[in-house]
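So the chains spell out like this:
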Amino acid sequence: MHLMQFRKKLEEGSFVVLAEMEPPKGVDTTVMTGHAVKVKGKVDAFLVPEMSNAVMRMSALGGAMVLQSKGMETIVQVCCRDRNRIALQADLLAAYACGITSVMAVTGQEPSYGDHHQARSVYDIDLLELLTAVSTLRNGRDMAGVELLGAPDFLMGASVNAGAPGISPEVEADDMKKKIDAGARFFITPPLFSVETIAPVLKRIDRSAVHIIPTVLLLKSLGMARYMARNVAHIHVPDALAERLETAPDRVRECVKIAKETISTFRAEGFSGVLLSTMGWEHKIAEVLEGV
Amino acid sequence: MIVAEKKPMEEIIEEVKRFENILVLGCNECVTVCEAGGKKEVGVLASALRMFFLKQGRKMRIDERTLERQCDPEYLEEIRDVADGYDAVVSLACGVGVQFTAEHYPNLPVYPGVDTCFMGVTEARGMWTERCQGCGRCILASTGGICPVARCAKRLFNGPCGGSSDGKCEIGKDTVCAWQLIIDRLRALGRMEEYERIAPIKDWSTDRAGGPRKIVREDLAP
Ligand code: SF4
Ligand code: SF4
């Protein structure tokens, strides 16, 4: 069965709520499905990352199929790092046949970031080429031009750098336009804590051509906020947040509150939805989404 | 050596047609040996370009020069005094030379005049074949001196695949199976016991897959 709540809501213009659901490193999926089932109905779809940070784990397609088999909609990531064009297309066909109707293309981080430093990365095609490939499949042909027995009608998205510090808004806006031309219909941003960081890019693109879905990251501690502010180049953590956490009587509750407020801000600002990323704290998804 | 092939004339014309003063810059090393970008090829290309543009009624200045190497700052400096007089350079060096020339002359457009293909040997007059991919951790000691990274179509490390037949690779009758060569050689050297050992899983972090590479020799640094 093809699940399409995500697409339907985007088309209607209602606010979508996505949650990141990382598959396990191993074959025991009970924890993952347990977390997902608990918020079924509160989340429109689960975004299943493809081995983020180049750490080997169950593939996004595998994880997504486990969730879909339990009636939960997923958006599966497809990544240029580990598969050549043959494998990428093959997995895309498999995904659609298994009921997955939305995909998100990512470049993927170099193996040197992850836990298999000796691996040879693939990068047979890059992100733009991958988006073009998905469009080709949608039109009923593969990259070699051969006709398909049934075409996958994917809703396709991509990662963007919009809102990340140190990125030129002009270059990023051009980059987004290229991705839209290649067929991307939704963009997922890096973790954002405010609208200000992404505003200069948004000014430069046609908002009606694409759905922008910011990532809302659940901070876990003051230490994490400080660490990210200092060491994670593509995430801007405002100083005010760290100060707020410092004085909060219950820091974990404050972290949840910050995430809730961030979601409300993005909703109020007219974004198409949010992606909640809890990085190991999936048991907190329900609490963050409570009442937002 | 680094083996390169001349680019088609039309492609080079397309690159340079909007300029007036062009320097065709050759290199005296690998590309001279493989007859793609040495002094001789610089002369041939420069005359062909002159002729082409003359027929079009265009007055262009097309000069010739060949440096000892384009991958060494010392030699690149030799055109410092004349560089300003050109609108563009067509470098017939390998991709390394093209880039290094551009790095040294940031305001001068530099275009490639050859397609850089591989690291290989002159197997016969007019025939060059690949031997090494610069994987950064040479395993030739255990493969009888024949490289499976560069010469096996599937980069296998533990013997031939099922496609090897009559000593030829499954990609075509013109390609020898690298593993056939390795086995023949180990046998001739009386070292077949090495073939029986399972090779350790290859560490690709020293290959290009681990990102652009760099070697720093403290003992040589000024
Ligand atoms: S093993 Fe690596 S370094 Fe040695 S010849 Fe082959 S590619 Fe070159
Ligand atoms: S036939 Fe030989 S050279 Fe060709 S892929 Fe197989 S083992 Fe490698």
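Residues numbered from 1 in each chain as written. Chains lettered and ligands numbered in written order. Predicted model: local features only at pLDDT ≥ 70, side-chain atom pairs only at ≥ 80, totals over all residues. Heavy atoms only, no water.

Enquirer: How do you make sense of the interface of chain A and chain B when you look at a structure like this?
Expert: On the chain B side, the residues contacting the six residues of chain A number 11 residues. Here chain A meets chain B over a buried area of about 610 Å², counting both sides, of which 39% is carbon and sulfur. Taken together, chain A and chain B are joined by one salt bridge. A salt bridge links B:Asp207 to A:Arg120; the shortest N-O distance between them is 3.6 Å. Between the two partners, chain A and chain B, sit two residue pairs in polar contact (both at pLDDT 80 or more). The residue makeup of the side of chain A that touches chain B, split by class, is one nonpolar, three polar and two charged. (Contact = heavy atoms within 4.5 Å. Buried area = accessible area lost by both parts, 1.4 Å probe. Salt bridge = Lys/Arg side-chain N within 4 Å of Asp/Glu carboxyl O. Polar contact = N/O pair within 3.5 Å; in protein donor to acceptor, adjacent residues only side chain to side chain. Nonpolar A, V, L, I, M, F, W, Y, C, P; charged D, E, K, R; others polar.)

Enquirer: Help me understand the pattern of salt bridges, please; the structure alone is not making it clear to me.
Expert: A side chain with one charge may pair with a side chain of the opposite charge, provided their charged atoms come close. For the structure shown, the criterion picks out 35 salt bridges over all chains. A salt bridge links A:Glu254 to A:Arg244; the nearest nitrogen and oxygen atoms lie 2.8 Å apart. Separated by 10 residues along the polypeptide, A:Glu254 in helix α10 (residues 251-268) and A:Arg244 in helix α9 (residues 239-247) bring together distant segments of the chain. Assessed through its relative accessible area of 25%, A:Arg244 is described here as partly exposed. The network of salt bridges with shared partners includes B:Glu35, B:Lys40, B:Glu41 and B:Arg125. (Helix = DSSP H or I, 4+ residues; strand = E, 2+ residues; numbered from the N terminus. Buried < 20%, exposed > 50% of the residue type's maximum accessible area, 1.4 Å probe, protein only.)

Enquirer: Quick question: what am I supposed to make of unusual backbone geometry here?
Expert: All names here are of chain A. Despite not being glycine, Ala54 has its phi angle at roughly 60°, a positive value. The buried category is assigned to Ala54, whose relative accessible area is 9%. For Met279, which is not glycine, the phi torsion reads 40° and is therefore positive. Assignment of secondary structure puts Met279 in the loop between β8 (273-277) and α11 (285-289). Note on Met279: relative accessible area 40%, which makes it partly exposed.

Enquirer: Which parts of the structure should I look at to understand helix α6 (residues 95-104) of chain B?
Expert: Note on helix geometry: an α-helix contains 3.6 residues per turn, so any two residues three or four positions apart are oriented the same way. Residues and elements named next belong to chain B. Of the residues making up α6, those classed as buried are Gly97, Val98, Thr101 and His104. An end-on view of α6 places all buried positions within 135° of arc, on one side of the element. Exposed side chains of α6 directed beyond 90 degrees from the buried face belong to Gln99 and Glu103. Buried residues along α6 sit against β2 (21-27), α4 (73-76), α5 (80-83), β4 (88-91) and β5 (110-112). (Arc of directions from axis to C-beta.)

Enquirer: Sorry if this is basic, but what is going on with the site of ligand 2 here?
Expert: Taken together, B:Cys152, B:Ala153, B:Lys154, B:Leu156, B:Pro160, B:Cys161, B:Ser164, B:Cys169, B:Glu170, B:Cys177, B:Ala178 and B:Trp179 make up all the residues around ligand 2. Among the residues forming the shell around ligand 2, the class breakdown is nine nonpolar, one polar and two charged. (Near = heavy atom within 4 Å.)

Enquirer: Just to check I follow, could you spell out the nonpolar core for this structure?
Expert: Inside soluble globular proteins, nonpolar side chains tend to come together where they are buried. A:Phe46, A:Phe187 and A:Ile212 are the most contacted members of the largest nonpolar core, which totals 80 residues. Counting residues per element, this core draws most heavily on α10(A), which supplies six residues. Apart from the residues within four sequence positions on either side, A:Ile212 is in contact with A:Met176, A:Phe187, A:Thr189, A:Ile198, A:Leu202, A:Ile205, A:Arg207, A:Phe271, A:Ser272 and A:Gly273. Membership of the second largest hydrophobic core comes to 25 residues, among which are B:Ile13, B:Val42, B:Ile62 and B:Tyr111. (Core = buried A, V, L, I, M, F, W, Y, C linked by side-chain atoms within 4.5 Å.)

Enquirer: Explain the environment of B:Ile198 to me, please; I cannot follow it from the model alone.
Expert: Within the secondary structure, B:Ile198 sits in the segment after α9 (192-196). It is 9.4 Å that separates the C-alpha atoms of B:Ile198 and B:Gly159, two residues lying 39 residues apart in sequence.

Enquirer: What's the story with the pairing of strand β1 (residues 16-20) of chain A in this structure? I'm lost.
Expert: Where a strand is regular, its side chains alternate between the two sheet faces. All names here are of chain A. Of all five residues that make up β1, five are buried, and the element is covered over most of its length. Residues Val16, Leu18 and Glu20 line one face of β1 and the alternating positions Val17 and Ala19 line the opposite face, and both faces are buried. Here β1 pairs with β8 via four bridges, running parallel. Across the sheet, the residue bridging to Val16 is Gly273, located in β8. As judged from the three bridges shared by β1 and strand β2 (residues 45-48), these two strands associate in the parallel manner. In the strand pairing of β2, Ala19 is matched with Phe46. (Pairing = 2+ DSSP bridges.)

Enquirer: I would appreciate a short explanation of the site of ligand 1 in the present structure.
Expert: Around ligand 1, the neighbouring residues are B:Cys132, B:Gln133, B:Gly134, B:Cys135, B:Cys138, B:Ile139, B:Leu140, B:Cys147 and B:Val149. Taken together, the residues that form the shell around ligand 1 break down as seven nonpolar, two polar and no charged.

Enquirer: Mind showing me how you'd approach α9(A) here?
Expert: All names here are of chain A. Residues Leu241, Ala242 and Leu245 constitute the buried set of α9. Buried residues in α9, looked at end-on, bunch into an arc of 95°, giving them a common side. The exposed residues of α9 that point more than 90 degrees off its buried face are Asp239, Glu243 and Thr247. In this structure, the buried side of α9 is in contact with α8 (222-231) and α10.

Enquirer: Got a minute to help me understand the sheet that holds β5(B) in this structure?
Expert: Within a sheet, neighbouring strands are paired by backbone hydrogen bonds and run either parallel or antiparallel to one another. Residues and elements named next belong to chain B. Strand order in the open sheet formed by four strands is β3-β2-β4-β5, with parallel pairing between adjacent strands. Two strands in the sheet have a free side with no partner beyond their single neighbour: β3 (61-67) and β5. Ignoring strand direction, the axes of neighbouring strands in this sheet form an average angle of 25°. As defined by bridge partners, β2 adjoins β3 across seven bridges and the pair is classed as parallel. Paired with Gly26 across the bridge in β3 is Thr66. (Axes fitted to C-alpha atoms, helices over the stretch in contact; angles between N-to-C directions.)

Enquirer: Is there a simple way to explain the packing of α8(A) against α9(A) in this structure?
Expert: Packed helix pairs are specified by the crossing angle of their axes together with the interaxial distance, meaning the distance between the axes. All names here are of chain A. Closest axis-to-axis distance for the α8/α9 pair is 9 Å, and the angle between their directions is 160°. Overall, the two elements α8 and α9 adopt an arrangement that is roughly antiparallel. α9 is crossed by α8, and the crossing has left-handed handedness. Within the contact between the two elements, α8 uses Leu222, Ala225 and Arg226 and α9 uses Ala242, Leu245 and Glu246. (Parallel < 35°, antiparallel > 145°, perpendicular 65-115°, else oblique. Left-handed = near helix turned anticlockwise from the far one by under 90°.)

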